[in-house]
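One-letter residues, chain by chain:
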Amino acid sequence: MRVTFTANGKPVEADDVWEGESLLYVLRERVGLPGSKNACEQGECGSCTVYLDGTPVCSCLVAAGQVQGREVRTVEGLTDENGELGLVQQAFIDAGAVQCGFCTPGLLVQTDALLEQEAQPSDNDIREALSGNLCRCTGYEKIMDAVRLASARKCAKGSGE
Amino acid sequence: MSTRTIQGQKNLQDIRQSSPDGIGGSPLRPDGNLKVKGEFAYSSDMWHEDMLWGMALRSPHPRANILSVDISEALKVPGVYAVLTHDDIPGSKFYGLEIQDQPALAIDKVRYHGEAIALVAADHPETARRAVKKIKVEYEVLTPIVTEEQCLNPEVHGYVHEPHEYKSHGYGNICHEQKLVSGLGVTDEVRAMADVIVSGTYEVGMQDQAFLGPESGLAVPAEDGGIDLYIATQWLHVDRQQMAPVLALPEEKVRLTLAGVGGAFGGREDLSMQIHACLLAQRTGKPVKIVYARDESFFGHVHRHPAKMFYEHGATRDGKLVFADCRIVLDGGAYASASPAVVGNAASLGHGPYVIPNVKMHAIALYSNNPSCGAMRGFGAVQAAFGYESQMDKLAAELGMDPVELRQLNAMSEGDYMPTGQQIDSPAPVAELLQRVKDMPLPPPLDLDNLDIRTVPGALSNTSHGEGIVRGIGYSVGIKNVGFSEGFDDYSTARVRLEVIGGEPVAMVHTAMAEVGQGGVTVHAQIARTELGVEQVTIHPANTEVGSAGSTSASRQTYMTGGAVKLAAEAVKQALIEKGRRRYGWTEKDITLVGGKVVSESAGVLVPMVDLLGDEAIDLTREHHHRPTVPFDKETGQGFGHVQYTFCANRAVVDVDIELGLVKVVELTAAQDVGKALNPLSVVGQIQGGCTQALGLAVMEEIIVKDGKVRNASFTDYLIPTILDTPPIPVDVLELPDPNAPYGLRGVGEAPTVSATPSIVAAIRQATGIALNRIPVRPEHLTGTL
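Conventions adopted
Residues numbered from 1 in each chain as written. Chains lettered and ligands numbered in written order. Predicted model: local features only at pLDDT ≥ 70, side-chain atom pairs only at ≥ 80, totals over all residues. Heavy atoms only, no water. Helix = DSSP H or I, 4+ residues; strand = E, 2+ residues; numbered from the N terminus. Rg over C-alpha atoms; globule rule 2.2 N^0.38 Å. Buried < 20%, exposed > 50% of the residue type's maximum accessible area, 1.4 Å probe, protein only. UniProt positions renumbered as here; feature names shortened; annotations may be inferred. Axes fitted to C-alpha atoms, helices over the stretch in contact; angles between N-to-C directions. Parallel < 35°, antiparallel > 145°, perpendicular 65-115°, else oblique. Left-handed = near helix turned anticlockwise from the far one by under 90°. Contact = heavy atoms within 4.5 Å. Nonpolar A, V, L, I, M, F, W, Y, C, P; charged D, E, K, R; others polar. Pairing = 2+ DSSP bridges. Domains from an automatic or database assignment. Buried area = accessible area lost by both parts, 1.4 Å probe. Salt bridge = Lys/Arg side-chain N within 4 Å of Asp/Glu carboxyl O. Polar contact = N/O pair within 3.5 Å; in protein donor to acceptor, adjacent residues only side chain to side chain. Phe/Tyr/Trp six-rings, centres within 6.5 Å; stacked < 30°, edge-to-face > 60°.

Details of the overall build of chain A
Within chain A one finds five helices and five strands. In chain A, the order of α-helices and β-strands from amino to carboxyl end is β-β-α-β-β-β-α-α-α-α. Radius of gyration (C-alpha) of chain A: 16 Å, near the 15 Å computed for a compact globule of 161 residues. Projected onto its principal axes, the C-alpha positions of chain A cover 50 × 35 × 25 Å. The 161 residues of chain A split such that 57% are buried.

Have a look at this one:
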């Protein structure tokens with residue numbers, strides 16, 4: 001089947017898509033957006049998290065046909081048109097929250113969604129929001145630092161500082 | 001003259017301050033930008049026009065004879081390009097890290113659940129999956145050999161490998177063993193010298209590395225008949241060494257390039273899909289990509305050895321250790337992998353960081369029909385630490401002593417001897433590390449009146465509102481070796497090139513080091529900056545075009561490959577200075593490179609590097625070898641076996657819901673001596689990550705194997721700590737230089753994984769009063785419902 005949707009603001013189409021293919025597979029193997037990662041493909045690790053019509057979802061659990069005509073935003077879409085890093089991306093780098101980095105794309109999307117909803121989350125809010133994203137390298141401490149840093153920068157920016 | 005010198009010194013100082021990205025600083029990762037953009041190419045992201053997908057058929061039985069394999073129906077599936085069995089292997093059919101006992105594809109029998117039998121290459125992963133299902137295998141299912149008793153009675157239960165197939169010095173179903181006796185050993189007379197004796201039997205479950213990036217890679221057949229493989233691994237050259245004979249190719253025609261690695265933790269030391277992808281690419285003449293699904297990943301790599309251990313310790317009334325009697329049985333599973341080295345570590349480190357005058361140790365690894373076990377972070381030292389640290393707590397209780405004081409009383413320090421007879425010839429601040437974690441402030445007590453339910457055991461499941469919660473505190477310390485031991489010369493190679501690019505001096509560092517997330521690439525750039533006095537450093541992709549860097553394991557890469565980069569950079573620096581001496585006739589003895597300039601402490605700035613280099617590049621390669629070690633004596637375990645030792649201490653604070661049997665680690669504190677923190681940010685990240693894997697082993701992580709069959713090969717059922725399970729991990733870094741190591745550094749990555757588990761179990765024991773002798777600790781152990 002043919003699937004057409006919007007990825008990071010641009011229309012994309014994929015042909016000869018097998019009905020059982022996931023959105024994750026289509027993104028990674030058919031439309032050249034391998035940023036979302038394939039760690040468990042069971043919805044357990046969060047590495048493949050993308051926005052679907054503005055809501056973060058595990059793209060491995062979404063059948064490709066379900067995104068027909070809808071809007072997808074991936075980790076690649078957190079960078080602006082000029083290649084400038086988004087606020088959350090920069091905070092993850094600055095805090096040392098990226099080690100092997102395989103969990104990073106999913107965490108970035110989930111963190112972005114958290115801060116959209118709650119610009120100043122408490123530590124427990126952060127832990128709850130990111131509990132669906134496994135990281136095997138960092139011990140999560142630097143991820144906490146990154147989210148706190150992104151939050152602080154976002155608030156400073158929001159208040160015009 | 002004096003004015004000039006002062007001027008020069010001022011200059012030098014200014015220049016030095018302008019470079020915070022050298023060693024001791026925490027510059028950002030060179031790969032970080034790509035990683036946060038989603039543009040970093042991991043091995044599963046490899047793509048090639050016209051590529052095929054490879055997949056393996058795996059055994060559903062842990063032990064069976066293969067009577068027949070029929071691939072005819074699979075070959076008929078449209079879109080299938082090849083189906084291969086062991087008959088199609090052009091070269092040697094076996095490989096292995098230390099013992100070549102593992103068939104690339106099963107031959108006549110399978111020895112573990114998930115062993116690969118046949119391979120398919122097809123145009124879509126789903127086509128491959130369907131074809132794999134059409135391969136018909138007729139099995140004669142045999143009773144698996146899975147318990148220690150079955151393994152040790154081959155006359156009754158048979159052999160995992162036929163005795164004549166044993167290529168090691170093992171016997172029966174024993175893959176490897178190591179004995180050790182020091183002092184008087186453990187005799188009746190020695191026992192009589194102890195006022196108090198405590199003993200215990202301890203068990204460690206099978207832990208998985210659970211790296212997030214699945215085993216994957218792309219094999220591309222080359223025009224010269226060779227093959228190019230883009231792969232996530234820990235050691236490019238040892239992969240190639242094992243692959244080439246199977247592919248019937250000379251090593252130089254098997255070219256490996258490191259693709260992005262999504263974590264490793266030992267699980268990528270053995271081959272997984274490397275040979276399979278290359279065999280399919282050779283047969284089809286097309287690029288072949290293999291990406292394991294998560295369940296296949298659980299089958300496709302070796303795990304941490306599960307262990308059964310017996311420990312007996314004797315001490316005087318005032319707490320001085322008199323003897324330790326230890327037996328460690330590791331289940332190595334179907335194939336040897338790294339079992340011999342794991343046994344060596346367990347035997348030589350299995351008494352812990354303590355001075356014990358009389359020691360008897362016997363460590364063995366078994367062959368069984370359980371999943372193969374090999375390298376995982378902590379490598380033989382993790383299992384033992386749970387045993388000896390449990391014993392220290394038991395002994396302290398028996399003597400009525402504070403557990404930290406007992407440990408400090410017996411702690412080894414510089415100048416002491418290991419039971420192997422090796423003298424500790426660099427700092428060993430065991431007592432100090434314990435004191436540091438003890439002195440750190442404690443987290444506030446649980447406030448039941450203002451409870452955020454997310455902070456209690458059971459948390460989001462809403463199973464409790466804080467009733468029945470008891471807090472406990474536990475301590476531990478551990479010892480780990482750094483680098484490969486027992487006579488292994490695990491050298492590393494680095495190539496450093498210095499040239500002018502865009503009017504700036506730029507250094508390029510080329511090694512075969514596998515960057516698996518630990519941050520070696522950052523540190524290499526820091527070393528090059530420090531030694532060459534330049535800002536711009538590029539890291540060449542790791543591949544087999546340069547000499548071996550050895551494995552990214554054993555906490556050795558900063559020591560070994562970092563050391564090689566230092567040597568190569570120093571050589572480049574000397575070559576550049578020589579060039580200047582020839583050209584300008586400098587006579588100063590103290591010439592060095594700082595801030596892009598050739599300088600002398602006595603004469604100030606001599607010349608900008610760009611002027612001296614001109615169009616010429618200086619490109620030099622150097623090897624770094626550590627000081628030699630020797631194998632342990634088989635019977636006595638004596639010998640200078642390890643390159644370096646590293647120590648970490650922990651304090652764990654836990655809340656236990658004693659009604660539900662649920663544990664929440666509230667805080668896990670670590671203190672570690674790293675010799676010299678080349679990159680403090682990375683060092684702390686390694687320690688926190690290592691502690692978290694230890695937390696997983698303590699309370700949740702285990703591959704459940706019943707009758708040889710894996711029951712939980714998924715992230716749904718194999719639980720690794722989430723951000724909700726993981727507490728704050730305050731880290732205290734100590735820097736006592738090791739005179740034998742580059743910059744005085746000490747390997748970092750593994751020690752916290754060795755030490756942190758026992759502290760958590762000790763804290764749970766303190767909270768509950770239950771004598772826990774098996775990890776992971778499960779709810780049923782705490783509620784008495786086992």
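Looking at the UniProt feature "domain: Aldehyde oxidase/xanthine dehydrogenase a/b hammerhead" (unreviewed entry) in chain B
If you check UniProt for "domain: Aldehyde oxidase/xanthine dehydrogenase a/b hammerhead" (unreviewed entry), the listed places come out as residues 37-143 of chain B in our numbering. With 13% helix and 36% strand, residues 37-143 of chain B has end C-alpha atoms that lie 51 Å from one another.

Quick look at the packing of helix H18 (residues 680-699) of chain B against helix H19 (residues 751-768) of chain B
Residue and element names in this part refer to chain B. Where H18 meets H19, the closest approach of the two axes is 7 Å, and the angle between their N-to-C directions is 45 degrees. As summarised for this structure, H18 and H19 are arranged oblique, according to the angle between their axes. For the crossing formed where H18 meets H19, the hand is right-handed. Every residue of H19 that contacts H18 at Gln686, Ile687, Gly690, Cys691, Gln693, Ala694, Leu695, Leu697, Ala698 and Val699 is listed here: Pro752, Thr753, Ala756, Thr757, Ile760, Val761 and Ile764. Each residue belonging to the contact of H18 with H19 can be placed in one class, and the counts come to 12 nonpolar, five polar and no charged.

Some points on the sheet that holds strand E30 (residues 731-734) of chain B
In sheet architecture, strand pairing relies on hydrogen bonds along the backbone and comes in two forms, parallel and antiparallel. All names here are of chain B. Ordered by their spatial adjacency, four strands build an open sheet running E18-E26-E27-E30, and the pairing between neighbours is mixed. Strands with a single pairing partner mark the edges of an open sheet, and in this sheet they are strand E18 (469-482) and E30. For this sheet, the mean angle separating the axes of adjacent strands, direction not counted, is 20 degrees. In terms of strand pairing, E18 meets strand E26 (residues 644-657) through 14 bridges, oriented antiparallel. Bridge pairing in E26 places isoleucine 473 opposite valine 653. Here helix H14 (residues 430-439) sits on the sheet in contact with E18, E26, strand E27 (662-673) and E30, set at roughly 30 degrees to E26.

Thoughts on the domain arrangement of chain A
Residue and element names in this part refer to chain A. If you check the domain split of chain A, you get domain 1 (3-77) and domain 2 (87-159). Computed over C-alpha atoms only, the centres of domain 1 and domain 2 are separated by 22 Å. Contacts between the two partners involve 15 residues from domain 1, matched on the other side by 14 residues from domain 2. Taking both sides of the interface into account, the surface hidden between domain 1 and domain 2 amounts to around 1100 Å²; carbon and sulfur atoms contribute 61%. Per-residue buried area on domain 1 facing domain 2 is highest for Thr49, Tyr51 and Val75; these three make up 41% of the total on that side. Seen at the junction of domain 1 and domain 2, the total is one salt bridge. For aspartate 112, the salt bridge identified is with arginine 73, shortest N-O distance 3.9 Å. There are five residue pairs in polar contact (both at pLDDT 80 or more) connecting domain 1 and domain 2.

A look at unusual backbone geometry
Omega for the peptide link from isoleucine 775 of chain B to proline 776 of chain B comes to 0 degrees, which places this bond in the cis form. Here proline 776 of chain B lies in the loop between strand E31 (774-775) and helix H20 (779-783). Positive phi values are uncommon outside glycine, yet glutamate 41 of chain A reaches one of about 50 degrees. Assignment of secondary structure puts glutamate 41 of chain A in the loop between helix H1 (23-30) and strand E3 (49-52). Residue classification places glutamate 41 of chain A among the partly exposed residues on the basis of a relative accessible area of 43%. Of note, alanine 248 of chain B is a non-glycine position whose phi angle comes to about 55 degrees, a positive value. Note on placement: alanine 248 of chain B falls in the loop between helix H8 (236-247) and strand E13 (254-258).

A few points about the domain arrangement of chain B
All names here are of chain B. Under the domain assignment, chain B is made up of domain 1 (4-40 + 491-625), domain 2 (43-142 + 222-261 + 268-300) and domain 3 (307-485 + 631-783). Domain 2 and domain 3 are separated by 36 Å when their C-alpha centres are compared. Summing both sides of the interface, domain 2 and domain 3 together bury roughly 1800 Å²; the carbon and sulfur share of this comes to 62%. Viewed at the interface, domain 3 and domain 2 are joined by seven residue pairs in polar contact (both at pLDDT 80 or more). Taken together, the elements giving at least two residues each to the side of domain 2 that touches domain 3 come down to strand E5 (102-103) and helix H10 (294-300). Ranked by residue count, the leading element in the side of domain 2 that touches domain 3 is H10, at four residues. In terms of residue class, the side of domain 2 that touches domain 3 is built from nine nonpolar, two polar and nine charged.

Remarks on the sheet that holds strand E8 (residues 136-141) of chain B
Residues and elements named next belong to chain B. Spatially, E6-E2-E8 is the arrangement adopted by the three strands of the open sheet, whose pairing is antiparallel. Edge strands, defined here as strands with exactly one partner in the open sheet, are strand E6 (109-110) and E8. Pairing geometry for strand E2 (residues 64-70) and E8, over six bridges, is antiparallel. Residue pairing across strands places aspartate 70 opposite lysine 136, the latter belonging to E8.

Observations concerning the packing of helix H15 (residues 520-532) of chain B against helix H16 (residues 557-584) of chain B
Residues and elements named next belong to chain B. Interhelical geometry of H15 versus H16 gives an angle of 30 degrees and a closest axis separation of 9 Å. Comparing the axis directions of H15 and H16 gives the class roughly parallel. Like other packed secondary-structure pairs, H15 and H16 cross with a definite hand, here right-handed. When H15 is examined against H16, the residues Val523, His524, Ile527, Glu531 and Leu532 are found in contact with a partner set consisting of Thr558, Thr561, Gly562, Val565, Lys566, Ala569, Glu570, Val572 and Lys573.

Looking at the packing of aromatic side chains
Two aromatic rings, taken as a pair, are described by how far apart their centres are and by the angle between their planes. Residue and element names in this part refer to chain B. Counting across every chain of the model gives 11 aromatic pairs over all chains. Taking the centre distance of 6.1 Å and the plane angle of 80 degrees together, the rings of tyrosine 112 and tyrosine 335 count as edge-to-face. Remark: tyrosine 335 occurs in the loop between strand E16 (321-331) and helix H11 (339-349) and tyrosine 112 occurs in the loop between E6 and strand E7 (116-122); sequence separation between them is 223 residues. Each ring, one from tyrosine 584 and one from tryptophan 586, has its centre 5.4 Å from the other, and the planes form 25 degrees; the classification is stacked. Since its relative accessible area comes to 39%, tyrosine 584 is described here as partly exposed.

As for the interface of chain A and chain B
Contacts between chain A and chain B engage 54 residues on the former and 64 residues on the latter. In this assembly, chain A packs against chain B so that about 4500 Å² is buried in total across both faces, 58% of it on carbon and sulfur atoms. Joining chain A to chain B, the criterion identifies six salt bridges. Here lysine 289 of chain B ties to glutamate 29 of chain A by a salt bridge, and the two come within 3.0 Å at their closest N and O atoms. Connecting chain A to chain B are 25 residue pairs in polar contact (both at pLDDT 80 or more). For the side of chain A that touches chain B, the secondary-structure elements that each account for two or more residues are H1, helix H2 (87-94), helix H3 (104-117), helix H4 (123-129) and helix H5 (141-158) of chain A.

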